[in-house]
Amino acid sequence: MVITRNSYDDSYNAPVPEIKVPIVWVLGGPGSGKGTQCDKIVEKYKFTHLSSGDLLRAEVDSGSPRGKDLLAIMERGELVPLEIVLDLLKEAILKALPTSTGFLIDGYPREKEQGILFEQNIAPVNVVLFFDASENTLVERLLGRAKTSGRADDNEETIKKRLITFNTHNDLVIQQYIDKVKKINAERNVDEIFAEVVSYLNPLIA
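Computed from a prediction, not measured in an experiment: that's the story for all the values here. (Residues numbered from 1 in each chain as written. Predicted model: local features only at pLDDT ≥ 70, side-chain atom pairs only at ≥ 80, totals over all residues. Heavy atoms only, no water.)

1. Section: the overall build of the chain
For the chain, the count of helices and strands is eight helices and five strands. Put simply, the chain runs from its N terminus to its C terminus through helices and strands in the order β-α-β-α-α-α-β-α-β-α-α-β-α. Burial analysis of the chain (206 residues in total) assigns 43% to the buried set. Pairs at least 24 residues apart make up 77% of the contacts formed inside the chain by residues separated by at least 6 positions. Carbon and sulfur atoms form 50% of the exposed surface of the chain, whose accessible area is close to 11100 Å². (Helix = DSSP H or I, 4+ residues; strand = E, 2+ residues; numbered from the N terminus. Buried < 20%, exposed > 50% of the residue type's maximum accessible area, 1.4 Å probe, protein only. Contact = heavy atoms within 4.5 Å. Areas by Shrake-Rupley, 256 points an atom, 1.4 Å probe, with all protein chains shown as cover.)

2. What about the pattern of salt bridges?
Inspection of the entire model under this criterion finds eight salt bridges. Taking the shortest distance from any N to any O, the salt bridge between Asp191 and Lys40 comes out at 3.8 Å. Taken together, the residues Asp191 in helix α8 (residues 190-205) and Lys40 in helix α1 (residues 34-45) connect sequence positions 151 residues apart. Among the residues examined, Lys40 registers a relative accessible area of 22% and is labelled partly exposed. Of the charged contacts, one joins Glu59 and Arg66 as a salt bridge, the two residues approaching to 3.2 Å between their closest N and O atoms. For Glu59, a relative accessible area of 14% corresponds to the buried category. When salt bridges that share partners are traced, they join Glu59, Arg66 and Glu91 into one network. (Salt bridge = Lys/Arg side-chain N within 4 Å of Asp/Glu carboxyl O.)

3. Overview of the sheet that holds strand β5 (residues 181-185)
Strands sit in the order β2-β3-β1-β4-β5 across an open sheet of five strands; the sheet is parallel. Pairing within the sheet leaves two strands with one partner each, and these edge strands are β2 (48-51) and β5. Strand-to-strand twist of the sheet, defined as the mean angle between neighbouring strand axes without regard to direction, takes the value 20°. Sheet strands in contact with helix α7 (residues 156-176) are β1 (23-28), β4 (127-132) and β5, and its direction is about 145° off that of β1. (Pairing = 2+ DSSP bridges. Axes fitted to C-alpha atoms, helices over the stretch in contact; angles between N-to-C directions.)

Below you can see the structure in the form of structure tokens.
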């Protein structure tokens, strides 16, 4: 079955009211430390933290018709349609909007078209935080993690393939949003990195 929006309900047609709180996208290769920084951002600013991967997994776990179809797509190794990921984000944003102080969207957009669709259908992004580290640093960190994670994809060959995929798509995203991207050196200690993050986010809530 091909998932289409009409396969479910018309919630995707719900208009999005004007969003007056900050929307922040967070980019960074695997091992860049963006997860740690997201935790610190949420702690300080109380933003609503959304991850497209988490939303997809939650939908699958819900056992809904859409979740069952998503599971089938993932099991076939196919990519989830961009529109479905967008719908999940939109639904989560609408649900949290009445009480949210801002939205922190982790690992999004994974490719340029996702970002374009988001801004067309939901709202413009205020700032894009890009945690940048060299390939050598990322590989070293992920291999270190592999010693305790037990993840099958934490081996050097697979890690390098993941980084090539990330960089290919991420470069296009960065070019698309060059005026909004804040490129952050992610090879420093956590507190130094977060101090720079704060310098970019504080103006959004002033």
